[in-house]
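Take a look at the letters that make up each chain.
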Amino acid sequence: MKNASMHAREFKKLLKKIRKESAAALPPVDEPMEQLLRGILTDHAAEARANTALTKLREAVVDINELRVTPVSEIVEIIGADYPSCRRAAEEICRALIVLFNKLHHLDLAFLKKSARRTAESFLNNLHGINAHARATVLLRCFKSHCIPADVAMCEILRREGCVEPNASVEEIQKFLASQISASQAPGFYAQFKKYASVHAPRKSSKPTPAPVEKPEPARDAAPAVAAKSAAPKTGSVKKAASKVARKAKPTAAKPKSAARKSAARSTRTTSSRRRHR
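As a convention, each chain's residues are numbered from 1 in the sequence order in which they are written. It should be noted that, the model being predicted, local features are given only for residues of pLDDT at least 70 and side-chain atom pairs only at 80 or more, the latter also being counted only at that level, while totals for whole chains, interfaces and linings use all residues. The basis for the side-chain values is all heavy atoms of the structure; hydrogens and waters are excluded.

**Q** Summarise the nonpolar core; cite the residues concerned and give the values.
**A** For this analysis, a nonpolar core means a set of buried residues of the types Ala, Val, Leu, Ile, Met, Phe, Trp, Tyr and Cys, connected via side-chain atoms within 4.5 Å. When accessible area is computed with a 1.4 Å probe and restricted to protein chains, residues below 20% of their type maximum are described as buried, those above 50% as exposed, and intermediate ones as partly exposed. Membership of the largest hydrophobic core comes to 43 residues, with the highest contact counts inside it found for Leu-41, Leu-67 and Leu-100. Contributing elements (two or more residues each) for this core: α2 (32-42), α3 (47-60), α4 (64-68), α5 (72-79), α6 (86-104), α7 (117-125) and α8 (132-143). In this text, helices come from DSSP runs of H or I with a minimum length of four residues, and strands from runs of E with a minimum of two, each type numbered from the N-terminal end. With 9 residues, α6 is the single largest residue contributor to this core. Note on contacts: a residue pair is in contact if any heavy atoms of the two residues lie within 4.5 Å. Filtering out sequence-adjacent residues up to four positions away, Leu-41 remains in contact with Ala-50, Ala-53, Leu-54, Leu-57, Tyr-83, Ala-89 and Ile-93.

The structure is reproduced here in structure tokens:
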């Protein structure tokens with residue numbers, strides 16, 4: 001990580017505040033699959049609330065495979081719509097179960113307990129698409145690995161206090177914490193930091209919603225006005241119509257004159273012809 005020495009100094013300042021929290025280290029867990037689901041839920045809430053939500057999930061489905069095909073909306077209903085980031089947690093549960101099923105064709109991680117620690121660490125670290133905090137909790141509580149999970153609130157505090165880079169990923173943050181805290185102190189520090197973060201995590205600022213822009217109401221006589229406007233002829237069209245009328249009127253006015261001239265000429269010729277006969 002960039003600026004490691006500067007971040008380490010800032011972390012030592014934060015560490016003094018975290019150490020003041022009294023929290024018992026979380027007990028080890030034998031079931032990796034159960035801890036994976038708990039780790040997803042504890043990324044957004046406290047341990048006690050995550051355990052309650054996990055119990056509700058276990059009671060609502062027959063087995064873990066049924067939970068895999070359960071819609072996200074139903075998982076939200078089971079754990080409760082008031083659960084912190086309930087939608088995100090439900091989506092991460094579904095994604096994790098699908099990733100595991102596609103890789104193993106089953107949903108049982110008990111075989112990892114029989115494997116060496118490095119084998120289990122390599123397997124879990126290569127499960128891309130699964131919550132990084134959840135994977136770290138499995139390593140810490142099931143295999144006692146030198147790993148310190150960092151949930152959402154913990155990451156926010158570390159970024160805010162300048163202990164890590166603003167754009168540091170969860171994996172990078174967890175590696176940084178492991179470099180600062182020894183393996184023997186990891187379980188107790190994780191419990192202390194999680195409790196500290198639940199109290200001091202920065203809250204999302206609720207931005208005031210802008211007042212809705214009111215649209216001007218149309219006038220009551222808008223329709224008659226539009227009709228009158230469409231009915232009223234334009235100035236140019238009036239001039240064109242007048243010129244057409246004038247052009248049509250000219251030939252009709254000339255016709256009587258020419259007809260009178262012709263009739264007068266005919267009457268003159270008739271009179272002259274009569275005089276000749278006489």
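And the narrative resumes.
**Q** A description of empty space enclosed by the protein should follow, citing residues and the corresponding values.
**A** Here a cavity is any set of points on a 1 Å grid over the protein atoms alone where a 1.4 Å probe fits but cannot get out, and a pocket is any open set with protein on both sides within 12 Å along at least 5 of 7 lines; a residue lines the site when it has an atom within 4 Å of a point. Grid points are joined across faces, edges and corners, and a volume is the space filled by probe spheres set on the points. Within the structure shown, the criterion is met by 1 cavity of 30 Å³ or more. When its volume is computed, the largest cavity comes out at roughly 40 Å³. Looking at the largest cavity, the residues that line it are Leu-37, Leu-54, Leu-57, Arg-58, Val-61, Asp-63, Ile-64 and Leu-67. Sorting elements by how many residues they give to the lining of the largest cavity places α3 first, with 3 residues. Gly falls in the polar group here, along with every residue not listed as nonpolar (Ala, Val, Leu, Ile, Met, Phe, Trp, Tyr, Cys, Pro) or charged (Asp, Glu, Lys, Arg). Across the lining of the largest cavity, the residue classes tally to 6 nonpolar, no polar and 2 charged.

**Q** Kindly report on the side chain of Glu-21, identifying the contributing residues and their values.
**A** For Glu-21, the position within the fold is in the loop between α1 (4-18) and α2. Although Glu-21 lies buried, it forms no salt bridge, and the closest oppositely charged side chain, Lys-195, sits 4.4 Å away as judged by the N-O distance. Other than its neighbours up to four places away in sequence, Glu-21 contacts Gln-192, Lys-195, Tyr-196 and His-200. Neither His nor the chain ends contribute to the count of charged residues, in which Lys and Arg are positive and Asp and Glu negative. For this analysis, a salt bridge means a side-chain nitrogen from Lys or Arg found within 4 Å of a carboxyl oxygen belonging to Asp or Glu.

**Q** A description of the packing of aromatic side chains should follow, citing residues and the corresponding values.
**A** Stacked, tilted and edge-to-face are the three classes assigned to paired rings of Phe, Tyr and Trp, where Trp is represented by its six-membered ring and a pair needs centres within 6.5 Å; plane angles under 30 degrees give stacked, over 60 edge-to-face, the rest tilted. Taken as a whole and assessed by the stated rule, the structure comprises 4 aromatic pairs. Ring centres of Phe-111 and Phe-123 lie 5.6 Å apart, and the angle between their planes is 80 degrees; on these two criteria the pair is classed as edge-to-face. Of the two residues, Phe-111 sits in the loop between α6 and α7 while Phe-123 sits in helix α7, which places them 12 residues apart along the sequence. Residue class for Phe-111 comes out partly exposed when judged on its relative accessible area of 33%. Considering the side-chain rings of Phe-189 and Phe-193, the 5.5 Å spacing of their centres and the 45 degrees angle between planes classify their relative orientation as tilted. You can see Phe-189 and its partner Phe-193 sitting in helix α11 (residues 186-200), 4 residues apart, about one turn around the helix. By relative accessible area, Phe-189 is classed as buried at 0%.

By themselves these figures say nothing about function.
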